[in-house]
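An overview of the molecular structure
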Amino acid sequence: MSHELNYGNGESILTLLYEAYSEVNRMDDDQIKADFNALYQAMNGMTLREMDQVIYPICTLCRDHEKAGFVEGLKVGIRLKEELMNK
């Protein structure tokens, strides 16, 4: 009997781990809220559609950057374990 792995919305186990981690560990602290407030202030006078055209790519960029850092951190941790085990 064959069972295909379900990665959720991602394409790998690393993506699945990131999605689970980010669901439980939200990154919306006071500094991030203040930064978004400053961004919205800078966009004062724009229509909602114009604001969305700025916000959506920024949020995508931030999410992708956070995910890349998470994945690389796991890879470094695994590499460190391997190096420590070989000494």
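Residues numbered from 1 in each chain as written. Predicted model: local features only at pLDDT ≥ 70, side-chain atom pairs only at ≥ 80, totals over all residues. Heavy atoms only, no water.

1. Quick look at the side chain of threonine 15
Condition: Helix and strand definitions here come from DSSP, where helices need a minimum of 4 consecutive H or I residues and strands a minimum of 2 consecutive E residues; each element is numbered from the N-terminal end. The criterion used for residue contact is that any of the two residues' heavy atoms lie within 4.5 Å.
Assignment of secondary structure puts threonine 15 in helix H1 (residues 13-24). The residues touching threonine 15, leaving out its near neighbours within four places in the chain, are Gly10 and Lys67.

2. Observations regarding the confidence of the model for the protein chain
Stated formally: Each residue carries a pLDDT score, the predictor's own confidence in it, on a scale running from 0 to 100.
Averaged over all residues, the pLDDT of the protein chain is 90; the fraction at 70 or higher stands at 99%. Ranking the helices and strands of the protein chain by mean pLDDT puts helix H3 (residues 48-85) first, with 94, and H1 last, with 88.

3. Comments concerning H1
The criterion, for reference: To estimate how far a helix should extend, the number of its residues minus one is multiplied by 1.5 Å. Buried residues are those whose accessible area, probed at 1.4 Å on protein chains only, stays under 20% of the maximum for their type, while exposed residues exceed 50% and partly exposed ones sit between those limits. Our arc is simply the arc of the directions from the helix axis toward the C-beta atoms. As used in this structure description, the phrase polar contact means that two N or O atoms lie within 3.5 Å; if the pair is within protein, one of them must be able to donate a hydrogen and the other to accept it, and residues adjacent in sequence are counted only when both atoms belong to side chains.
Helix length check: H1, at twelve residues, gives a terminal C-alpha distance of 17 Å against a target of 16 Å (1.5 Å per residue), a fit within 8%. If you check which residues of H1 are buried, you get Thr15, Tyr18 and Ser22. Viewed end-on, H1 has its buried residues packed into an arc of 60 degrees, placing them on one side of the element. Exposed positions of H1 whose direction lies more than 90 degrees from the buried face are Glu23 and Val24. Buried residues belonging to H1 abut H3. The N-terminus of H1 is capped by serine 12, whose side-chain oxygen sits 3.4 Å from the backbone nitrogen of leucine 14.

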